[in-house]
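# A closer look at the structure
Chain by chain, the residues:
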Amino acid sequence: MDKNSKIYVAGHRGMVGSALVRKLEAEGYNNIVFKTSSELDLTRQAEVEDFFKAEKPEYVFLAAAKVGGIHANNTYPADFIYSNLMIEANVIHSSYNHSVRKLLFLGSSCIYPKMAAQPIKEEYLLGGYLESTNEAYAIAKIAGLKMCEFYNRQHGTDFISAMPTNLYGPNDNYDLQNSHVLPALIRKFHEAKMSGAKEVVMWGSGTPRREFLHVDDLADASLFLMQNYKGNETVNVGTGKDISILELAQLVAEIVGFEGDIVKDASKPDGTPRKLLDVSKLHDLGWKAKIKLRDGIQSTYKSFLEVV
């Protein structure tokens, strides 16, 4: 992939896609194409085919997806499985039809079994039951990475997949009903601080452990894999370190400057007890995460303040 290669970033307005565009531009790639969802509906096969026929991208970063937290996944499972299946099927198939040189499909760590041994190795995929609260999204993402594998096997394509852990950073979704845990906590603690509230309610018991990766680190890893990895097996992308949700809440409260109490709402679901990715494969390839969690949350809170 040289600096003039034509690169399509699917989902360029989202948190991941916008980070990919920032990274590519910073590295001097100057032939990036993208379309907004109003200009190109990736769930429509004919539209996607026409786009690939007209633009003929050489490289594709597939970051477009319908995403959300536990509440959104639980409430709209049909929307999640349909939209994500259609997006990935159309983009991957059109990439094959129009001779894309290489494609990177970005999945999610929720593809792994709920009770997988920790840390989670890539080979644990399909080794047990999925977490029910995001099963629809997980099944769609598993289908996407398997499409990459099967197109490689049957057609000799160079389609790779990466499975990032929980992400955060600029352009995140801060809607309290549909967001993931970290942006939801940032908004909750900020609003509590501004209103003078004495307490903030946290979903669940606070005991589940999660790993968090700054989206700029994911963009860096994605470009690294596009340049250095070839294979049918997915690659985990994470930090190799996790934190309990309660510890995370306490850290966010400290960074935001909220000094009240944190109250647990045990009636809300916890989700998977622990999700820590084994990132030894990525480390062996030569890449490691650089942004520390505290530093990443601090910079994310600054970007949040610019949009509220």
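Residues numbered from 1 in each chain as written. Predicted model: local features only at pLDDT ≥ 70, side-chain atom pairs only at ≥ 80, totals over all residues. Heavy atoms only, no water.

Next up on the list: the pairing of strand β1 (residues 7-10). Here β1 shows no split at all, with Ile7 and Val9 on one side and Tyr8 and Ala10 on the other all buried. As defined by bridge partners, β1 adjoins strand β2 (residues 32-33) across two bridges and the pair is classed as parallel. Each residue of the ladder has a partner; that of Tyr8, found in β2, is Val33. With helix α1 (residues 15-26) bridging β1 and its parallel neighbour β2, the resulting β-α-β unit is right-handed. (Buried < 20%, exposed > 50% of the residue type's maximum accessible area, 1.4 Å probe, protein only. Helix = DSSP H or I, 4+ residues; strand = E, 2+ residues; numbered from the N terminus. Pairing = 2+ DSSP bridges. Right-handed = clockwise from strand over helix to strand, strands pointing away.)

Considering only enclosed or pocket space, the second largest pocket measures out at about 360 Å³ in volume. Partitioning the lining of the second largest pocket into residue classes produces six nonpolar, three polar and seven charged. (1 Å grid on protein atoms, 1.4 Å probe; cavity = no way out; pocket = protein on both sides within 12 Å on 5 of 7 lines; lining within 4 Å. Points joined across faces, edges and corners; volume = space filled by probe spheres on them. Nonpolar A, V, L, I, M, F, W, Y, C, P; charged D, E, K, R; others polar.)

Sites flagged by UniProt as "domain: NAD-dependent epimerase/dehydratase" (unreviewed entry) map to residues 7-238. Overall, residues 7-238 shows 43% helix and 16% strand. The separation of its end C-alpha atoms is 24 Å. (UniProt positions renumbered as here; feature names shortened; annotations may be inferred.)

Below, the discussion takes up the UniProt feature "binding site: substrate" (unreviewed entry) in the protein. Taking the UniProt record as the reference, the feature "binding site: substrate" (unreviewed entry) is found at Lys188, Trp203, Arg210 and Asp270. The subset of the named residues that lines the second largest pocket consists of Arg210. Once you skip the residues sitting within four places of it in the chain, Trp203 turns out to touch His71, Lys188, Asp265, Lys268 and Pro269. Within the secondary structure, Arg210 sits in strand β8 (residues 209-210). According to the relative accessible area criterion, Arg210 is buried, its value standing at 9%. Not counting residues within four places of it along the chain, the set of residues in contact with Arg210 comprises Asn166, Asp242, Ile243, Ile245, Asp270, Gly271, Thr272, Pro273, Arg274 and Lys275. (Contact = heavy atoms within 4.5 Å.)

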